[in-house]
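Examining the three-dimensional arrangement
Take a look at the letters that make up each chain.
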Amino acid sequence: MSGEIVNKVERSGIITLDLSDYAPKKIIEELDLRQFLFEGLILKEKQFRAEIKDYNFEKYKQKTVALFCSSEVIIPMWAYMLITVELEPICSKLYFGRASEVTQQIILENIRLIEGDKYSGKRVIVKGCSNIPLNESLYIEITKKLLNSVQSLMFGEACSAVPVYKTKVK
């Protein structure tokens, strides 16, 4: 016994793909429409427009913004459009939803940008544990992205990977 430690995973050529690597690097700022509602419950158009006009949107300059309403009220679509008119020229990106939902949307967008050829003929493990919550749609999207190019696709960790797909031998 030589005492040399051999990394069998590295030697196997398996690539571990961590979906959290595709998460936004900057903090997502939330903007809650509730603050523009009368008593947080009613959208009065005249007051809403005045509140928006007086609001300082500059704090969202060059930031990713998650726009949502925390009150369980009906918000007319034009209200989101009015806010968008103010934010779009200022922020870097604008999405509907809470920051956690927007994070998932951005990861999904980034997965769609992966060039499938990068993993052509490779053995890939999609990491199961992450430092951020990942929803099912992300795993579906990465599977769709890699399915026709990888030699094999697995889920989990190298020590306990679950086989998902293997190229059929012709």
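If you're wondering where the values come from, they're calculated on a predicted model, not measured in any experiment. (Residues numbered from 1 in each chain as written. Predicted model: local features only at pLDDT ≥ 70, side-chain atom pairs only at ≥ 80, totals over all residues. Heavy atoms only, no water.)

**Some thoughts on the overall build of the protein**
Regarding its fold elements, the protein presents 5 helices and 7 strands. Along the protein, helices (α) and strands (β) appear in the sequence α-β-β-α-β-α-β-α-β-α-β-β when read from the amino end. Taking 15 Å as the expected radius of gyration for a compact globule of 170 residues, we find that the protein reaches 22 Å, considerably beyond that expectation. For the protein, the spread of C-alpha atoms along the principal axes amounts to about 80 × 40 × 30 Å. Each of the 170 residues in the protein was classed as buried or not, and the buried ones make up 36%. Pairs at least 24 residues apart make up 78% of the contacts formed inside the protein by residues separated by at least 6 positions. Only carbon and sulfur atoms are counted for the fraction: they give 54% of the accessible area of the protein, which is about 11,300 Å². (Helix = DSSP H or I, 4+ residues; strand = E, 2+ residues; numbered from the N terminus. Rg over C-alpha atoms; globule rule 2.2 N^0.38 Å. Buried < 20%, exposed > 50% of the residue type's maximum accessible area, 1.4 Å probe, protein only. Contact = heavy atoms within 4.5 Å. Areas by Shrake-Rupley, 256 points an atom, 1.4 Å probe, with all protein chains shown as cover.)

**Side note on the pattern of salt bridges**
Inspection of every chain in the model, using the stated rule, returns 7 salt bridges. Put simply, K63 and E29 hold a salt bridge, and the shortest N to O gap is 4.0 Å. With K63 in the loop between α2 (45–54) and β3 (64–68) and E29 in strand β2 (residues 28–32), this pair connects stretches of sequence that are 34 residues apart. Classification of E29 by relative accessible area gives partly exposed; the value is 27%. Salt-bridge contacts for E30 lead to R98; the nearest nitrogen and oxygen are separated by 3.2 Å. With E30 in strand β2 and R98 in the loop between β4 (93–96) and α4 (99–112), this pair connects stretches of sequence that are 68 residues apart. (Salt bridge = Lys/Arg side-chain N within 4 Å of Asp/Glu carboxyl O.)

**A word on the packing of α4 against helix α5 (residues 136–146)**
For any two helices packed against each other, one specifies the inter-axial angle together with the distance between the axes. The contact between α4 and α5 brings their axes to 10 Å, and the two run at 5°. It follows that α4 is roughly parallel to α5 by the angle criterion. Facing Q104, I107, L108, I111 and R112 of α4, the residues of α5 in contact are S137, L138, E141, I142 and K145. By residue class, the composition of the contact of α4 with α5 is 5 nonpolar, 2 polar and 3 charged. (Axes fitted to C-alpha atoms, helices over the stretch in contact; angles between N-to-C directions. Parallel < 35°, antiparallel > 145°, perpendicular 65-115°, else oblique. Nonpolar A, V, L, I, M, F, W, Y, C, P; charged D, E, K, R; others polar.)

All we've got here are geometric facts, nothing functional implied.
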